[in-house]
Amino acid sequence: MSVHEAAAAQRPADPAVIVNGLRRAYGDRTVIQGLDLRIERGEFVALLGESGCGKTTLLRALAGLDPIQGGRIIVPKRPAVVFQEHRLLPWDSLWRNVALGLDGPDARARAAAALAEVGLGDRLDDWPRNLSGGQAQRVALARALVQQPQLLLLDEPFAALDALTRIRMHALVRELVATHRPGVLLVTHDVDEAIALADRILVMRGGRIAFAHRAHRDGLVARGDLLAELGVLAAHAPA
Amino acid sequence: MSNIDQTAGPIELAQATTDGHLNGADRRHAIGPATLQALSWLAPALLVVIWEALAQGGYLSPQVLPAPSKILRTAYKLTTQGTLLNDLGVSLLRATAGFAIGGAIGFVLGLLVGFSRLAEALIDRSIQMIRAIPFLAVLPLVIVWLGVGEAEKVFLVALGVTFPIYINTTLGIRQVDPKLIELARVQGLSPLALIRRIILPGALPSILTGVRYALATAWLALVVAETIGAQSGLGFLAMDAREFLRTDVIVLTIVIYALIGVLADLIARWLERRLLAWHPNYGAGR
């Protein structure tokens, strides 16, 4: 149907998400209508769009947090989610936060390994309140990845961070995704973040995917196209 | 300051006075926390010394307010020859039993109502109505029901304790951040794990506030219950002393009530510091 469907069909079939004809409404107000989406394992997809276009609604539907009113979603049993806020439990140490939802006697060891991966291996017994915003979000990433998810949903996880921390987080996320190879859906406002991270960039408008862009083209052209699609610039004007 | 340094003559005089002021302010700020802590204990101690002096000087009639030293002697005498320790034990037992029963009832009801909208619909309004009655107003009824024995006293304490624990437990559960409950779903927590890992720790600050309130009402209920028709306990000691105009014994029981109240509050605070070490408003660090 849309461009990205065709593109995805050329890849080996190992989907992390398949969405067909999704409809999501709050009462009478339809937010998502007839949306199709497919994300492969190991593929990093960024979802752009104006505020209120339904990006986060789509992510929450994929996470199983909200009911849907129509269509079909096929996702792994437990997708991992990193929210805009770190959502760490203030009464638990870092390793217990990361181990939240893990069973078994090796929970601490696995949590420790995940924390080491995000560069906080020496802070296992520290409290969340002693962390900076970037560190807290790294713990949230560790908590998501320790579950070894096939699908990782990122809901503007870097929006509240300062510019330098955000750049460091981008590098870390790229590295982690390359290691663990989940399918990733990143919801963001930030065109440059999408370009920096994603294999494929989708623009959502009017409750469906309006534009799909495969990365690794000339960044400048891509940026201009995306900004035009988002209604920020006239079409195909250089950024 | 540096601006003033560069100006000449007459203004330097003004600067000197400003400096003098600043030094005064510095000195005031220099009072350390340890000194303040000592002062906070020294002030009431001074009051006791003045009280003793007034009593020794004959300005206070022993019938009105006996000297602290006299009260201490009475305490010693009642401990060695009388039944003070026994009475104290009886009172503490009543308070503990009533607190345990009322606390358990309030906590369980609070859990039910906190977790279940159905339980809230069934229970909450009735509890709120009963709560609106000042619990000492039911005293005559309780005496009719249970007489003036142990059951009546424990019942009154339990009644006073139930509501603060109930309300704060419900409130605490309701106030747990819905975003953390959502996180529990994302992380695949079982309902039991959700309660244990997120809801109870999140509600704990509120529950402990309830415990502190409940300690105060428990104590109040006990004093009233023991003042009416007790055969033993601190309240009985005081009422018995009233018959013989033993002001020293009466003041002694008041002092003991006060000390135990302070002790209970210290225990509650210690619990908060221990259990809420993670909380920026309570914890003393890691």
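Basis of the calculations
Residues numbered from 1 in each chain as written. Chains lettered and ligands numbered in written order. Predicted model: local features only at pLDDT ≥ 70, side-chain atom pairs only at ≥ 80, totals over all residues. Helix = DSSP H or I, 4+ residues; strand = E, 2+ residues; numbered from the N terminus. Buried ≥ 20, exposed ≤ 12 C-beta atoms within 10 Å, placed from the backbone. Contact = placed C-beta atoms within 7 Å. Pairing = 2+ DSSP bridges. Axes fitted to C-alpha atoms, helices over the stretch in contact; angles between N-to-C directions. UniProt positions renumbered as here; feature names shortened; annotations may be inferred.

A. The overall build of chain A, seen in detail. Counting secondary structure elements, chain A contains 8 helices and 9 strands. Residues counted as buried form 43% of the 239 residues belonging to chain A.

B. View of the overall build of chain B. Looking only at helices and strands, chain B features 12 helices and 0 strands. Taken from the N to the C terminus, the helices and strands of chain B come in the order α-α-α-α-α-α-α-α-α-α-α-α. The proportion of buried residues among the 286 residues of chain B is 28%. A fraction of 69% describes how many contacts in chain B between residues 6 or more apart in sequence connect residues 24 or more apart.

C. Molecular detail of helix α11 (residues 234-243) of chain B. Restricting attention to buried positions, one finds in α11 of chain B the residues L234, G235, F236, L237 and A238 of chain B. Immediately downstream of α11 of chain B, the backbone of L245 of chain B shows phi near 55 degrees, a positive value.

D. The pairing of strand β6 (residues 151-155) of chain A, seen in detail. All names here are of chain A. Most of β6 is tucked away, with 5 of its 5 residues classed as buried. Both strand β5 (residues 80-82) and β6 contribute to a ladder of 3 bridges, which runs parallel. Counted as the bridge partner of A80 is L152 from β6. With 5 bridges joining them, β6 and strand β7 (residues 183-187) adopt parallel strand pairing. Looking across to β7, one finds that L153 is bridged to L185.

E. Examining the sheet that holds β6 of chain A more closely. Residue and element names in this part refer to chain A. An order of β5-β6-β7-β3-β8-β9 is seen for the 6 strands of this open sheet, with the pairing classed as mixed. What marks the edges here is a single partner per strand, and that holds for β5 and β9 (208-214). Across the sheet, the mean angle separating the axes of adjacent strands is 20 degrees when strand polarity is ignored. As defined by bridge partners, strand β3 (residues 44-48) adjoins strand β8 (residues 200-205) across 4 bridges and the pair is classed as parallel. Its bridge partner lying in β8, L47 is registered against L202. Helix-sheet contacts for helix α5 (residues 133-145) involve β5 and β6, and the interaxial angle to β5 is about 175 degrees.

F. The arrangement of the UniProt feature "transmembrane region" (unreviewed entry) in chain B in detail. All names here are of chain B. Residues given the UniProt feature "transmembrane region" (unreviewed entry) here are residues 95-118, 130-148, 154-173, 219-237 and 249-271. As annotated, residues 130-148 has a helix share of 58% and a strand share of 0%, and its two end C-alpha atoms lie 22 Å apart. Here residues 219-237 runs as 68% helix and 0% strand, with 16 Å between its end C-alpha atoms.

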